[in-house]
Amino acid sequence: MQDTNLNISDASLQQKWADRVVAELLAGGVVGFVLSPGSRNTPLALALARGCPDRTVIHQEERGAAFFAMGAARACGKPWAVVCTSGSAAANWMPAAVEAYMSRLPLILLSADRPETLHHRGANQTIEQSGMLSPFTRLSWNLSPPLSPQDIEQQIRTLHTALAAAMGSRPGPVHLNLPFREPLVASDLPEFIPVPAKAVDWYILPIQPDARTLNKALEWIHAPESKLAIVGGLRNHIQAQAVRRLLIQLGWPVYADITSGLRLDPLNGLAVPYADLLARHWTKHLDKPDHILWIGDSLMHRVFPEWLANTVKGGTLITEHEEGQDPYGFVSNRIVSDVSLFCDALAALLPEPHPITSEIFNRERITTDRILDAYPPDTSSTLNALEPLIARWTLKTASRFNVKVFLGNSMPIRWAGLYGPYPGTATPVLANRGASGIDGAIATVAGLSQGYSDPRPIIAILGDLTVFHDLPSLALVSSQKLPLILVVLNNGGGGIFHHLPQARCCSDLLNPWFTAGSAIRDFSYAARMFGLDYLAPDSQADYLVALESLLKAETLKPTLIELHFDPEKSVETHARLTEYCLQALTR
C-alpha cells in the first residue's frame, strides 16, 4: 500500500521540514544525533548528512543507539537526539527511555512514521507509534507533516516546547513522532540552511534556596541531637564538591553511596569506612544518630541504611526532584532545590568547622585497608576466587591515572561499594542506577566517552550477562575508535544469585533456572568479531600489569579484558575477607 497524491514540490517541502527540525534542535542546544538508518526516516537522515555529519553517529541497532545518546547526554549535561525508522524500531528505545526517565537525563527521540492515511489499514511496517513510550517520557507528541511553509513555522514552536520539557526542571526523554509521505526524496534536494537563532528562547531557572527553608534547615542542624549524613547518587562533579564542602562544615559522620562521587573520599576522616562491608561492626560501635541528613538520589546497598532507619527519629532529604524517595521510611522533611546552590547557601550560614578528630574512623579504615591489601598472599595465584577484589584493584589503579570508571549493575557495582578503597582522589564513578538494569551498558559507556570528549580512557567493569545483553554495541565502540577498556567478570552468568536466598533455599535449581551456567564460555570471539583487542589474564599480577600497560599507552585501541571466576569460591572469599576485617577490628 503506497502513499498517495504527494507531488515533487510537496517532497521538497517535506525535506525542508526535516532540515528545519534538525537545524532548530542544533540551535536549541542538542549536542549530537545518533541515527539508525531506515527508509521512512530518509528525510531526517538526509538532513543530518547535509547539516551536521560531524555531529552524527550512525548505529544500526536502535536499543544501543538510544543508550549511546543517553550516555553522551549524561556526560555533557545537554540533550542528544536519536533517529529511527517506522514500525517496531522505536520500541527498541524503551529500556533507554526508562533509564533516562528515572535518571532525569535529557533525550530527544525522533521516530519516523507512515502518514495517518496508512494507519489501521494493514500497511506494511505501520503500527501505532505515537505514545508508545509515554509512561517514561516527559511528553509524547505526533507532529503532522506541514502542508505549507507557514505550517513549518507553527510546528517549530511545538518542537521547542518539547525541547524545553526535555531540559527543564525535571529533565528526561521526549518522544516526537514524525510521519513522512512518499516520495521520501525530493528530485532536487534543497540547500540545508542552519538557523542563526532558535525560533523560541526558553529560560528555565534552577530552584533557588529561600531564606525560610535555609533557616528551617539550620534549626535541624543546631538541634541537640546526634546526627549523620547520607549522600546518594549525585549528578556531576560540581554537585559532589558542593556537597563535600557542606559535609566538612558540618563535621558529622558520613555514609556515602558508591554513586555519589564521594565514596572513595575519606572526607577528612568523616567517612564511615567500609560501612557496607563492615555493617555488623558499625551497628554495634557507631553512635546511633537521632537525625539523618540525606542529600541526593537513591542508595545502592541496603543493610547499613536499613539499620539507620530503625534507629533514627527522623530525617531530612534534599533532592532536585519531587518524586518519591523514602524506601526506609525515615524522611520527615523534604527539600527540593538545586543541590549545589542549596549546599553552598547552607554552608555559608554555618560557622567555620572545628578541627576534625576522627581517629577512630581513620584507624578502622587503615586496619581494613591493611587486611584487604594483603589479600591474596600470593599475587600470582589464580583469579578464580578473587572476584570480590577486582573492583578495588581497578579503582585504585584508575585513581592513579585519573581516569573514570563505569560500574555495571548486579555484582560489579556491589563489589565496588563493599570493597572500594579510599585513595583520597576524586575518581569519577559512573553507573546506570535509574532503573538499575543490565541492558545497554556498553552503549552507555561508549556514549559517555563520546560526550566527555576526553582522550583519557574510561574503564568499564561489567558482568558477563551485561555484555551478553549488549553485544551489538561493541560495533559502536569499534567504529568510533573510543578509548575504552571493558573488564568483563565472567562468573558463569548470574553470579549474583550465589549471594541471594535462592542459593540457600534451592541451590540445586540455580542452573539453569537462575544462572546462565556454561552458556557463556568466553568473549574472545565477540572481541574478534568487532575488532577489539582481547586479553585474559589469570592472576592479580597479570591483570594489573595489563591494565597499567593499557593506561600508559599513547594510543589505546578498544580492549576487552575477560576475567574468569568460580562464583561459589567468590562467595567463600567474600565471607572470609569480611571475617578477617571484623576480627582485626575487634582486636
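Up top you'll find the structure we're talking about.
Residues numbered from 1 in each chain as written. Predicted model: local features only at pLDDT ≥ 70, side-chain atom pairs only at ≥ 80, totals over all residues. Heavy atoms only, no water.

## Points about the overall build of the chain
Part 1 of the reasoning: Looking only at helices and strands, the chain has 21 helices and 17 strands in total.
Part 2 of the reasoning: Against the globule reference of 25 Å for 587 residues, the chain gives a C-alpha radius of gyration of 26 Å, in line with a compact fold.
Part 3 of the reasoning: Principal-axis analysis of the C-alpha atoms gives the chain an extent of 85 × 60 × 50 Å.
Part 4 of the reasoning: Counting every position in the chain, which comprises 587 residues, the buried fraction comes to 57%.
Part 5 of the reasoning: Surface accessibility of the chain: about 24,200 Å² in total, with carbon and sulfur atoms responsible for 53%.
Part 6 of the reasoning: Mean positive and mean negative side-chain charge positions of the chain (48 and 56 charges, respectively) differ by 3 Å. (Helix = DSSP H or I, 4+ residues; strand = E, 2+ residues; numbered from the N terminus. Rg over C-alpha atoms; globule rule 2.2 N^0.38 Å. Buried < 20%, exposed > 50% of the residue type's maximum accessible area, 1.4 Å probe, protein only. Areas by Shrake-Rupley, 256 points an atom, 1.4 Å probe, with all protein chains shown as cover. Lys, Arg positive; Asp, Glu negative; His and termini not counted. Charge placed at Lys NZ, Arg CZ, Asp CG, Glu CD.)

## What to know about the side chain of Glu 24
Part 1 of the reasoning: By the secondary structure assignment, Glu 24 is in helix 1 (residues 8–27).
Part 2 of the reasoning: Residue classification places Glu 24 among the buried positions, given a relative accessible area of 1%.
Part 3 of the reasoning: Those residues within four positions of Glu 24 in sequence are excluded, and the remaining contacts are Ile 156, Leu 159, His 160, Val 195, Lys 198 and Ala 199. (Contact = heavy atoms within 4.5 Å.)

## What about the nonpolar core?
Part 1 of the reasoning: Counting residues in hydrophobic clusters, the biggest one holds 99 residues, and the most contacted among them are Ile 230, Val 243, Phe 304, Ile 459, Ile 485 and Leu 563.
Part 2 of the reasoning: Broken down by element, this core gets its largest block of residues, seven residues, from helix 7 (residues 237–250).
Part 3 of the reasoning: Cys 84, Ala 443, Val 467 and Leu 476 belong to the second-largest nonpolar core, a separate cluster that totals 49 residues. (Core = buried A, V, L, I, M, F, W, Y, C linked by side-chain atoms within 4.5 Å.)

## Looking at the pattern of salt bridges
Part 1 of the reasoning: Across all of its chains, the model carries 22 salt bridges by this definition.
Part 2 of the reasoning: Between Asp 19 and Arg 50 there is a salt bridge, and its shortest N-O distance comes to 2.7 Å. Of this pair, Asp 19 sits in helix 1 while Arg 50 sits in helix 2 (residues 42–51), and the two are 31 residues apart along the sequence.
Part 3 of the reasoning: On the accessibility criterion, Asp 19 (4% relative accessible area) is buried.
Part 4 of the reasoning: Overall, Arg 50 belongs to the partly exposed group, its relative accessible area being 26%.
Part 5 of the reasoning: Connected through shared salt-bridge partners, Arg 138, Arg 170, Glu 322 and Glu 323 make up one network. (Salt bridge = Lys/Arg side-chain N within 4 Å of Asp/Glu carboxyl O.)

## Considerations on the state of the cysteines
Part 1 of the reasoning: Under the criterion given, the structure shown has zero disulfides.
Part 2 of the reasoning: We note that Cys 52 lacks a disulfide partner, and the nearest cysteine sulfur, in Cys 76, lies 14 Å from it.
Part 3 of the reasoning: Note on Cys 52: relative accessible area 1%, which makes it buried. (Disulfide = S-S within 2.5 Å.)

## Details of the sheet that holds strand 8 (residues 254–256)
As a general point, the strands of a sheet are linked pairwise by backbone hydrogen bonds and lie either parallel or antiparallel.
Part 1 of the reasoning: Spatially, five strands are ordered 8-7-9-10-11 in an open sheet, and the strand pairing comes out parallel. Strands with a single pairing partner mark the edges of an open sheet, and in this sheet they are strand 8 and strand 11 (331–336). The average angle at which neighbouring strand axes cross in this sheet is 15°, direction not considered.
Part 2 of the reasoning: In this structure, strand 9 (residues 291–295) lies alongside strand 10 (residues 314–319), joined through five bridges in parallel fashion. Across the sheet, residue His 291 finds its bridge partner in strand 10, namely Gly 314. (Pairing = 2+ DSSP bridges. Axes fitted to C-alpha atoms, helices over the stretch in contact; angles between N-to-C directions.)

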